[in-house]
Amino acid sequence: MTADPAGPRTTATDPTTPSTAPTPERPPVQTGSTDLAALPTFTPDQWEGGTHELRLHGTRITVQAAPGAVEAAAEDTDTVVLAAPAGATEVTIRLDVPLGDAAGFWHPNAGWERTLPADWSPWRSVSLVDSAPAGCLFDTAGRSVLAFAADRVVRQSAVRFGVSEEHKRFGVWLRFPLAAGESCRVRLAVPGTTLAAALRELRDWFGALPGGTPLPTPDFGRTPVYSTWYAFAQDVTAAGVEREAAVAAELGCGQLFLDDGWQLHGDGRGYAGCGDWTADPGKFPDLRAHVETVRALGLRYTAWIAPLLLGERSAAHRDWARFAPHHVHRLDCRILDPRHAEVRDQVVGLCRGVVAQYGLDGLKIDFLDEATAYALTPAPDQTGPGYVADVGEAMALLLTRLREELRGLRGDDFVIELRQRYTGPAMTAYGNLLRAIDCPADAVANRVRTLDIAMLAPGGAVHSDMLMWDPDGAPEVLARQIHGALHSVPQISARLTELSGAHRRALAFWLATWRRLSPALTGGHYEPGRPDELYPQVTARHDDQYVVTAYADRPVTLPAGPWHALTLVNASTAGRLLLDVRGAARHVRIEAYDAAGRPQPELLIDLPEGLHSVAVPTGGLCHVTEVAG
């Protein structure tokens, strides 16, 4: 649920190595961050040359820094290395290419902004808990023109990008401080591939960085989830959850996520009571026994926690408010400052204690991105040992300790859910479930957000936002929500005990379909088309199992090679699918189902080369099997 959408490491590629250097004397105290508000949105010299210029894969790479402050060289055909051998400095690196047939620019926090901005667009922040230093310029055919990533995945950097009206080129600017002896690598993917293929190349590179090995994902982390949030909001009780859990298990869910409301003072849709993280005895008289009851039904149990939030109603507020100077009005609470070692100790201890006390299988950790409130906040007058200036580095230290503490309790049979925007590739070392940011009843947003995460995540299981729908709607309404989450692990959040018979049968059909097709749906090999078109047709495959989900009424090209199983999902509003057959004719059996899972008359047809219209009910699907003529 969300209400709103260790010292410096020794190298730029090691996000987990703590500093052994002593805490510097005050003054001065550095925040370790760039003040984005102080950076102009446009300067005439941003397109000028610099101290170094290199070219890789048709991209011009220009380094702008003080003379002699930075060394820059190509490490190989794909990577540029920048280093500050003598002393700390500020560096800007520009990547630019001719416009050509460019159509849009993708980045992890693109949201709905997927077209071409101007080069006077604002600077943006990226860090461990906010997006990632990566992006891809693509053309009208969906091919990558400039796809890049930087290994500065922990500390905050500033990034901007856009079209030059004067130069007719597209540029990307990365700006960050380099400490003496520190280096940064920038990787370019080979252009000319699809956007998805370019991002797969970059995600493999991210996963191979020191400290970037993804946290293992247990099998149960890849099973459908029953979530309490949209079904109950904060009005949860042990008895109510257990009733829903029994039905969820029957329908094929493998996990239950207890969201906000289980904790003391968990009411009012605000967070003024957060900080103690003990069960509300009125709702859960014995939370551990309740967890065991749900697990006996066949569901693993994960609970929501937001350990950086500190509300005035909590008992913890008296002792910890001095470590939480920033107040967020929309959340009605303060944010603990993770730069303090004391805060990191407190957060890790709280999370470990909740898991151990209640026998949980996972934590759904929310609001970690709120830590960025301290990105530009100077240190307080008094700081204890272990204070870290950079928020990203502080969060890396916190999450590393939390990961190891929970591993000590549960080994790798444990899940940690992280939510967009802090689902960048570096975060897969700390969390193994990566969820789309809240989009209640918005199937399009769920589709876009889950695919955005999946294409750049080197590990973990991508989860949808929780699915909710109008309980009085037609089965097509329910199916549309499933379609939006189809290429991820679906999280269901409805009162299952109150579903109509038609909705329950439809949900059972789609969850069974998802389980059967999950190797392809979540296998990580997607071709979704152009992001500025919101991924109109997604082709997924695993070995010789293919699934094509058509979100728009456009032709579906049948795979050219042999396929064991081909499933076509009609997620459009048309009552048909257009099949584009290329090469030799095929004789096929087509088994179609409507949105409620009701079978349609079977077809045995010949498909010679060309376009063919096949009746498939809107919101339904068909299985296509090649048979002997």
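Structure: see above.
Values in this document were obtained by computation on a predicted structure and should not be read as measured data.

What should I look at first to understand the side chain of Arg187 in this one?
Examined against the element boundaries, Arg187 turns out to sit in strand E12 (residues 183–188). Beyond its immediate stretch of four places on either side in the chain, Arg187 contacts Asp78, Thr79, Ala147, Phe148, Ala149, Glu201, Leu202 and Trp205.

What's the story with the packing of helix H6 (residues 341–358) against helix H7 (residues 391–410) in this structure? I'm lost.
It is the contact of H6 with H7, at a shortest axis distance of 10 Å, that shows an interaxial angle of 25°. As summarised for this structure, H6 and H7 are arranged roughly parallel, according to the angle between their axes. When the axes of H6 and H7 are compared, the crossing they make is right-handed. Seen from H6, the contacting residues are Arg344, Asp345, Val347, Val348, Cys351, Arg352, Val355 and Ala356; seen from H7, they are Ala394, Leu397, Leu398, Arg401, Leu402, Glu405, Leu406 and Leu409. When grouped by side-chain class, the residues that make up the contact of H6 with H7 number eleven nonpolar, no polar and five charged.

Help me out: how do you make sense of the sheet that holds strand E32 (residues 610–615) in this one?
Backbone hydrogen bonds hold the strands of a sheet together, and the pairing may be parallel or antiparallel. One open sheet holds the three strands; their spatial order is E27-E29-E32, and the pairing between them is mixed. Lying at the two open borders of the sheet, with one neighbouring strand each, are strand E27 (556–557) and E32. In this sheet, strand E29 (residues 576–581) lies alongside E27 in parallel orientation, the contact comprising two bridges. When the bridges of E29 are listed, Val556 appears paired with Leu579.

How should unusual backbone geometry be read in this particular structure?
For residues that are not glycine, phi is negative in most cases, and the peptide bond is trans in most cases. Here the amide bond leading from Gln420 into Arg421 is cis, since omega sits at 25°, within 30 degrees of zero. On the secondary structure map, Arg421 appears in the loop between strand E20 (415–419) and strand E21 (433–435). A positive phi is found at His265, a non-glycine position, where the angle reads about 65°. Looking at where His265 falls in the secondary structure, it is placed in the loop between strand E14 (255–258) and helix H4 (287–296). Classification of His265 as partly exposed rests on a relative accessible area of 25%. In the Ramachandran plot, Asp332 falls in the positive-phi region, its phi being about 60° despite a non-glycine side chain.

What's the story with the environment of Tyr230 in this structure? I'm lost.
Locating Tyr230 in the fold gives a position in helix H2 (residues 229–232). Taking the C-alpha atoms as reference, Tyr230 lies 15 Å from Arg435; in sequence the two are 205 residues apart. Apart from the residues lying within four places of it in its own chain, the contact partners of Tyr230 are Asp438, Cys439, Pro440, Asp465, Met466, Met468 and Ser493. Engagement of the side chain of Tyr230 in a polar contact is seen with the side chain of Asp465, the distance being 2.9 Å.

Calculation notes
Residues numbered from 1 in each chain as written. Predicted model: local features only at pLDDT ≥ 70, side-chain atom pairs only at ≥ 80, totals over all residues. Heavy atoms only, no water. Helix = DSSP H or I, 4+ residues; strand = E, 2+ residues; numbered from the N terminus. Contact = heavy atoms within 4.5 Å. Axes fitted to C-alpha atoms, helices over the stretch in contact; angles between N-to-C directions. Parallel < 35°, antiparallel > 145°, perpendicular 65-115°, else oblique. Left-handed = near helix turned anticlockwise from the far one by under 90°. Nonpolar A, V, L, I, M, F, W, Y, C, P; charged D, E, K, R; others polar. Pairing = 2+ DSSP bridges. Buried < 20%, exposed > 50% of the residue type's maximum accessible area, 1.4 Å probe, protein only. Polar contact = N/O pair within 3.5 Å; in protein donor to acceptor, adjacent residues only side chain to side chain.

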